[in-house]
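# Descriptive structure summary
Listed below are the residues making up each chain.
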Amino acid sequence: MLICIACISISCQSQTQTDQPNVLLILSDDQGTLDLNSYGATDLDTPHLDDLAKRGIRFTQFYAAAPVCSPSRAAILTGRYPQRNGVVGNSGTLHSDETTIAEMLKAGGYATGQFGKWHIGHGRPNAEYAQAPGPNAEGFDVAVGFLSGVVDYWSHFNYGGAPWGDPPRRHDLHRNGEEIWRSGTHTGDLIVDETLAFIDNTDGQPFFAYAAFGSPHYPMQPYDRYMAHYAHLPMQRRQYAALVSTMDEQIGRLLEGLKTRGLDRNTLVIFMSDHGHSTEARADFGGGYAGPFRGAKFSLLEGGIRVPAIVSLPGTIPTGDIRHHQATGMDWLPTIAAYTNTQLPENAPDGKSLYAIIQDPASEEVHERLFWHRPHAQTHQWAVREGSWKLVRNGRDTDGSPLAGTDTLFLSNLTIDSTETTNLAAQHPGRVAQLT
């Protein structure tokens, strides 16, 4: 897609084409709202992501654009609501006129690479599998990873159920659209190795690396030593914690790789989870931690969409700070544009640049309202947040059960009750009507 020529005013301060920062976007999968030490989990060891938070900013009210994988990821990459970009569920495909972060940065002179989980347009019947565009068609020069949503960490076969599971079971590991075999290599290790190899081949060109880890999404396959480390925990939490720590160690090696190459001080590092933790049977009905927040994956209550998010750029972004502003995964595209002095896509993003908020905690909120939509025949949900007020229709509780009776329209004031415990809809019918 064409790129507009208007420069982003906030980013046209001092950077030139030669000193643009690199960008490393790290995504975790099904990670609970508070599942880092730096977010309050007391039974986890996550030293590398906690250190990243110390070197940058962490957000306390950061939201995924959807409570499931594909629409959340598509919204991050396009900066636009799922209802605009075409991926409203796990089987959607990006509209052809959408511009991704990769396409935006590639037009600005960046080398672009995608590593790990794609899962945008590949939750489709096997006969149609080849028709869905992959990462190379969305602006990535190099793409190594798996295209579907549930892949064995060691064999790289998808055992996740229809349309990918039994039958048939499909091997899902690809490099630039061609099948490759790396059996016995943990997917997280492969992501680290391939990302660093890509960086080594950029020859000084600024790079955008999208490292999308599959952890801690089921199947629960961590390093053995972390299962031993967490032997004191109940099995449900034990295997989840072990997978989070496995991912943390892998991310630590990735960040150390930047440092040993002398790139750590000129790389904008962004980390977030794609949505809340899973309470599905395949995840042993839980294991993640959302603290007091209700909801989990598939739910528009806070535990399903409020996620950990960290950003760091040494020497530019303040260190060890916290931001309580409302933000969303869609904000990364315009924020990256601001920090890299690249031009925004012609299709205006729904996300807002977080540049001012990141640099100054006294900055005003950038979002007047945020919206969510979970179209599903049995669980059709929507939500809207305006200031402190949030209204959820047909919300799902943490265990996946639907809110019933008068709670099918659930109104909260999150400043007073961030746990969405008390439904204020009856007391504020005017507010319900406005938000509806």
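Residues numbered from 1 in each chain as written. Predicted model: local features only at pLDDT ≥ 70, side-chain atom pairs only at ≥ 80, totals over all residues. Heavy atoms only, no water.

## Focus: the overall build of the protein
- Regarding its fold elements, the protein presents eleven helices and 16 strands.
- In terms of C-alpha radius of gyration, the protein reaches 20 Å, essentially the compact-globule figure of 22 Å for 436 residues.
- Structurally, the protein occupies a C-alpha span of about 60 × 50 × 45 Å along its principal axes.
- Excluding contacts between residues fewer than 6 apart, the proportion of contacts in the protein whose partners are at least 24 apart in sequence is 70%.
- Within the structure as shown, the protein displays about 16,000 Å² of accessible surface, and the carbon and sulfur contribution to it stands at 52%.
- Put simply, the protein has 33 plus and 47 minus side-chain charges, and the middle of one group is 2 Å from the middle of the other. (Helix = DSSP H or I, 4+ residues; strand = E, 2+ residues; numbered from the N terminus. Rg over C-alpha atoms; globule rule 2.2 N^0.38 Å. Contact = heavy atoms within 4.5 Å. Areas by Shrake-Rupley, 256 points an atom, 1.4 Å probe, with all protein chains shown as cover. Lys, Arg positive; Asp, Glu negative; His and termini not counted. Charge placed at Lys NZ, Arg CZ, Asp CG, Glu CD.)

## Focus on the layout of surface pockets
- Put simply, the second largest pocket is a space of about 300 Å³.
- Going through the elements one at a time, helix 1 (47-54), helix 7 (235-260) and strand 10 (267-273) are the ones with two or more residues in the lining of the second largest pocket.
- Looking at the lining of the second largest pocket, the element that brings in the most residues is helix 7, giving five residues. (1 Å grid on protein atoms, 1.4 Å probe; cavity = no way out; pocket = protein on both sides within 12 Å on 5 of 7 lines; lining within 4 Å. Points joined across faces, edges and corners; volume = space filled by probe spheres on them.)

## A look at the pairing of strand 14 (residues 381-386)
- The buried fraction of strand 14 amounts to six of the six residues, a majority that puts the element mostly inside the structure.
- Because side chains alternate across strand 14, one face comprises the buried residues Q381, A383 and R385, and the other comprises W382, V384 and E386, equally buried.
- Relative to strand 14, strand 13 (residues 369-374) is paired through six bridges, and the arrangement is antiparallel. Bridge pairing in strand 14 links L370 to R385.
- In sequence, strand 14 turns back onto strand 15 (residues 389-393) through a hairpin of two residues, with G387 there showing a positive phi of about 65°. (Buried < 20%, exposed > 50% of the residue type's maximum accessible area, 1.4 Å probe, protein only. Pairing = 2+ DSSP bridges.)

## Here's the deal with the side chain of D274
- On the secondary structure map, D274 appears in the loop between strand 10 and helix 8 (302-305).
- Polar side-chain contacts of D274 include one of 3.0 Å to the backbone nitrogen of D30.
- If we ignore the near neighbours within four places in the chain, the residues touching D274 are L27, S28, D29, D30, A64, A66, C69, S72 and R73. (Polar contact = N/O pair within 3.5 Å; in protein donor to acceptor, adjacent residues only side chain to side chain.)

## Notes on the pattern of salt bridges
- In total, this model carries 25 salt bridges according to the counting rule given.
- Between E98 and R80 there is a salt bridge, with its nearest N and O atoms 2.9 Å apart. Here E98 is found in the loop between helix 3 (82-85) and helix 4 (101-107), whereas its partner R80 is found in the loop between helix 2 (69-78) and helix 3, with 18 residues between them in sequence. Take E98 and R80: they sit in the same class, and that class is buried.
- By sharing partners, the salt bridges in this structure join D29, R73, K117 and D274 into a single network. (Salt bridge = Lys/Arg side-chain N within 4 Å of Asp/Glu carboxyl O.)

## Some remarks on the packing of aromatic side chains
- With the rule as written, the count across this model stands at 13 aromatic pairs.
- Centroid distance F59 to W332: 6.4 Å. Interplanar angle 80°. Geometry classified as edge-to-face. You can see F59 sitting in strand 2 (residues 57-63) and its partner W332 sitting in helix 9 (residues 332-340), a full 273 residues away along the chain. Each member of the pair F59 and W332 is classed as buried.
- Arranged with centres 6.2 Å apart and planes meeting at 70°, the rings of Y81 and F371 form a pair that is edge-to-face. With Y81 in the loop between helix 2 and helix 3 and F371 in strand 13, this residue pair connects regions lying 290 residues apart in the sequence.
- Taking the relative accessible area as the measure of exposure, F371 reaches 41% and is therefore partly exposed.
- Aromatic rings pair up to connect W118, F140, F208 and Y210 into one cluster. (Phe/Tyr/Trp six-rings, centres within 6.5 Å; stacked < 30°, edge-to-face > 60°.)

## What to know about unusual backbone geometry
- Geometrically, the link from S215 to P216 is a cis peptide bond, its omega value of -5° lying close to zero.
- One can find P216 in the loop between strand 9 (207-212) and helix 6 (224-229).
- Omega for the peptide link from Y218 to P219 comes to 5°, which places this bond in the cis form.
- Among the secondary structure elements, P219 is positioned in the loop between strand 9 and helix 6.
- One non-glycine residue, F285, lies in positive phi territory at about 65°.
- The residue F285 is located in the loop between strand 10 and helix 8 in this model.
- According to the relative accessible area criterion, F285 is exposed, its value standing at 57%.
- Backbone geometry places F298, a non-glycine residue, at a positive phi of 80°.

## As for the sheet that holds strand 11 (residues 309-312)
- With mixed pairing, the ten strands of this open sheet are ordered in space as 8-7-4-3-9-1-10-11-2-12. Because the sheet does not close on itself, it has two edges, and the strands there are strand 8 (178-179) and strand 12 (321-328).
- The pairing of strand 1 (residues 22-28) with strand 9 spans five bridges and is parallel. Bridging across to strand 9, L24 finds its partner in A209.
- The strands touched by helix 1 within the sheet are strand 2, strand 10 and strand 11, with strand 11 carrying the most contacts at an inclination of about 60°.
- Strand contacts of helix 2: strand 1, strand 3 (111-117), strand 9 and strand 10, with the helix running at about 165° to strand 1, the strand carrying the most contacts. (Axes fitted to C-alpha atoms, helices over the stretch in contact; angles between N-to-C directions.)

## Brief notes about the sheet that holds strand 16 (residues 409-413)
- Spatially, 13-14-15-16 is the arrangement adopted by the four strands of the open sheet, whose pairing is antiparallel. Taken across any chain shown, the strands that pair with only one partner, and hence form the sheet edges, are strand 13 and strand 16. The sheet shows a mean angle of 10° between the axes of neighbouring strands, direction not considered.

## A closer look at the nonpolar core
- In this structure, F59, F208 and W332 are the most contacted members of the largest nonpolar core, which totals 43 residues.
- Setting aside chain neighbours within four positions, we find F59 in contact with Y39, A309, V311, R323, H325, A327, W332, L354, I357 and I358.
- Counting residues in each nonpolar core, the second largest holds 33 residues, with L52, L190, L255 and F293 among its members. (Core = buried A, V, L, I, M, F, W, Y, C linked by side-chain atoms within 4.5 Å.)

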